[in-house]
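Overview (structure and organization)
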Amino acid sequence: MSGDSAAPDGTGVAPDGAGGGDAVRPRPGQLTFVAPRRRKPPTHLADLDPAGRTAAAEALGQKGFRARQVAVHYFEHLTVTPEEMTDLPKAGRADLVAALLPTLLTPVRTLTADGGATVKTLWRLHDGALVESVLMRYPRRITVCISSQAGCGMNCPFCATGQAGLTRNLSTAEIVEQVAYAARTLRAGGLADIERTDAGLGLAEMEDSGGGPDSGGGPDSGGGADLGGETGEADAAYGGTRVTNVVFMGMGEALANYAAAIGAIRRLTDPSPEGFGMSARGLTMSTVGLVPAIDRLAAEGIPVTLALSLHAPDDDLRDTLVPINTRWRVDEALDAARRYFEATGRRVSIEYALIRDINDQSWRADLLGEKLAARGRGWVHVNPIPLNPTPGSRWTASRAGVAQQFVERVRAHGIPTTVRDTRGREIDGACGQLAAAT
Ligand code: SF4
């Protein structure tokens, strides 16, 4: 059933009894805003603000300040095992930790690519729902791409996740735990180093996240993050053990799960022990263009990078490629993106999956360039991405020469444009592929 009548900010409530089973494959063009109702995941420390954590500890018969001690272990030391929390009294320690740090994600399968510098993990949630995250080491940063929903209700026809439908929204802590797990993996040496060669500074350095050179990907980004050790220098990611960048580009439309997504952003950026203390500059929120939610995000006062998945500059095509366009048109989405830039000062990324003979024509490059330039200079960056082919799909990537020509035509309008890396393609870890092989 379509959730078209519900608020697209994830606040709608599914009808009683809905969503007990797996997601239903949507009809072409059908949008689903309301996540099926399923049993809630256990409440985790990362779901709670400091007052809520104190109350949770007291409800267990512990002193309230014990919650803060657990939070220091979780956010600062990346520790989740009671044996290592020796500042907590032995009596009741295991119970306190079990209550505040319940297991939310269980790894089902881990795949590596790029010589071990890319690691994709498939997770089972408490109710059997499956999501994935991908950890990637780059020359100057370490990025984790996380899921915000199990499945997705936005139904983009070229996307494996969208074709499977929406299973459910993730909780704040389920989102945060993907980052925490990545940080623990890094600390344990679970992500290989990359070759420090000229080749290694080529395509891979361009983009992984929808960020332009200044938008979440540069050496100055993520400077406040300290998820496990090193801080500082541009090259810290060489052998580094901290996550510098988080991109909401895994499964799901994060702005359709707004409350949990903004909760996760706060947990990632709040200083320890409220959160991980990452720089908002290292975070990228991706959206297909839920206009009211973009405006709401702009008003939060947390200047994360916004990545708008446009994929077509004209409504005719975008209605098919990105069905949310039937709700908010290209110009409305671009206007919202421009407002986001004005409110936050953060340059917006425009994501554009280059699909052979579908959206890669020269006139569409010109139209895209014109529409962006008409809204000013210096506010936007375009990331064309050769489409990641999905098994059985009729959509495929543009030819290299066509892609290059597209880039040059957009640039000719004065719009910075860089082809994004398709890191993780061989393990289906690139955008739009996260449900392809599960
Ligand atoms: S491309 Fe993104 S928004 Fe569209 S269906 Fe896939 S996961 Fe959802």
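Summary of the structure given here.

1. Quick notes on the overall build of the chain
- The number of helices and strands found in the chain is twelve helices and eleven strands.
- Long-range pairs, those at least 24 residues apart, make up 72% of the contacts in the chain with a sequence separation of at least 6.

2. Observations concerning the sheet that holds strand β7 (residues 245–248)
- Across the sheet, which stays open at both edges, the nine strands sit in the order β1-β2-β3-β4-β7-β8-β9-β10-β11 with mixed pairing between neighbours. Bordering the open sheet on either side are β1 (106–113) and β11 (380–386), each of which pairs with just one other strand. Ignoring strand direction, the axes of neighbouring strands in this sheet form an average angle of 20°.
- Relative to β7, strand β4 (residues 142–145) runs parallel, the two sharing three bridges. By the bridge assignment, C145 is partnered in β7 with V247.

3. Details of the packing of helix α2 (residues 65–76) against helix α3 (residues 93–100)
- The geometry of α2 relative to α3 is characterised by a closest axis approach of 11 Å and an angle of 70° between their N-to-C directions. With respect to α3, the element α2 is oriented roughly perpendicular. Of the residues in α3, those touching α2 at R66, A67 and V70 are L96, V97 and L100.
- Of the residues assigned to the contact of α2 with α3, the class counts are five nonpolar, no polar and one charged.

4. Points about the pairing of strand β3 (residues 130–137)
- Here β3 lies mainly inside the structure; eight of its eight residues are buried.
- The two faces of β3 match: L130, E132, V134 and M136 on one face and V131, S133, L135 and R137 on the other face are all buried.
- Two elements, strand β2 (residues 118–124) and β3, share seven bridges in a ladder whose sense is antiparallel. Opposite W123, over in β3, you have V131 as the bridge partner.
- The turn linking β2 back onto β3 is made up of five residues, and G128 within it adopts a positive phi angle of 90°.

5. Considering the environment of A336
- Mapping A336 onto the fold places it in helix α10 (residues 330–344).
- You can call A336 buried: it has 23 C-beta atoms within 10 Å.
- Separated by 43 residues in the primary sequence, A336 and A293 place their C-alpha atoms 9.5 Å from one another.
- Among all residues touching A336, those that are not within four sequence positions of it are V291, I294 and D295.

6. Remarks on the pairing of strand β8 (residues 283–287)
- In terms of burial, β8 is largely enclosed, as five of its five residues are buried.
- Side-chain alternation along β8 places L283, M285 and T287 on one buried face and T284 and S286 on a second face that is also buried.
- Direction of pairing for β7 relative to β8: parallel, over a ladder of three bridges. Pairing of V246 across the sheet is with L283, part of β8.
- Where the polypeptide runs from β7 across helix α7 (residues 258–269) and back to β8, its parallel neighbour, the crossover connection is right-handed.
- Sheet analysis places β8 next to strand β9 (residues 305–309), joined by four bridges and oriented parallel. Its bridge partner being in β9, S286 is matched across the sheet by A307.
- You can see the chain leave β8, run along helix α8 (residues 291–298) and come back into β9, and the turn it takes is right-handed.

7. What to know about the nonpolar core
- Membership of the largest hydrophobic core comes to 121 residues, with the highest contact counts inside it found for V70, L100, V179, A261, L268, I294 and A337.
- Each of domain 1 (45–100) and domain 2 (106–427) contributes no fewer than three residues to this core.
- Each residue touching A337, except ones within four places of it in the same chain, is listed here: I294, L306, L308 and V348.

8. Here we look at the environment of A254
- Position of A254 among the secondary structure elements: in the loop between β7 and α7.
- With 31 C-beta atoms counted inside 10 Å, the residue A254 sits in the buried group.
- Here the alpha-carbon distance between A254 and S286, two residues 32 residues apart in the chain, equals 7.1 Å.
- Aside from chain neighbours lying at most four places away, what touches A254 is S148, F248, A261, M285, S286 and T287.

9. Comments concerning the packing of helix α1 (residues 50–59) against α2
- Contact geometry of α1 with α2 gives a least axis separation of 7 Å together with a crossing angle of 115°. Crossing geometry of α1 relative to α2 is assigned as right-handed. Touching R53, T54, A56 and A57 of α1 are R66, A67 and A71, all from α2.
- Broken down by class, the residue content of the contact of α1 with α2 amounts to four nonpolar, one polar and two charged.

10. Observations regarding α2
- The end-to-end C-alpha separation of α2 is 16 Å, in line with the 16 Å expected for twelve residues at 1.5 Å each.
- Within the sequence span of α2, burial applies to R66, A67, V70, A71, H73, Y74 and F75.
- Looking at the packing, one finds that the buried side of α2 touches α1 and α3.
- Just downstream of α2 lies L78, where phi reads positive at about 55°.

11. Overview of α10
- For α10, spanning 15 residues, the distance from its first C-alpha to its last is 21 Å, which sits close to the expected 21 Å at 1.5 Å a residue.
- Regarding α10, the residues found buried are V330, A333, L334, A336, A337, Y340 and T344. Buried residues along α10 cover an arc of 160° about the axis, so they all sit on one side.
- Looking at the buried residues of α10, the elements they touch are α8, β9, α9 (315–321), β10 (348–354) and α11 (362–373).
- The positive-phi residue at the C-terminal boundary of α10 is G345, with phi of around 75°.

Definitions and limits used
Residues numbered from 1 in each chain as written. Predicted model: local features only at pLDDT ≥ 70, side-chain atom pairs only at ≥ 80, totals over all residues. Helix = DSSP H or I, 4+ residues; strand = E, 2+ residues; numbered from the N terminus. Contact = placed C-beta atoms within 7 Å. Pairing = 2+ DSSP bridges. Axes fitted to C-alpha atoms, helices over the stretch in contact; angles between N-to-C directions. Parallel < 35°, antiparallel > 145°, perpendicular 65-115°, else oblique. Nonpolar A, V, L, I, M, F, W, Y, C, P; charged D, E, K, R; others polar. Buried ≥ 20, exposed ≤ 12 C-beta atoms within 10 Å, placed from the backbone. Right-handed = clockwise from strand over helix to strand, strands pointing away. Core = buried A, V, L, I, M, F, W, Y, C linked by C-beta atoms within 7 Å. Domains from an automatic or database assignment. Left-handed = near helix turned anticlockwise from the far one by under 90°. Expected span 1.5 Å × (residues − 1). Arc of directions from axis to C-beta.

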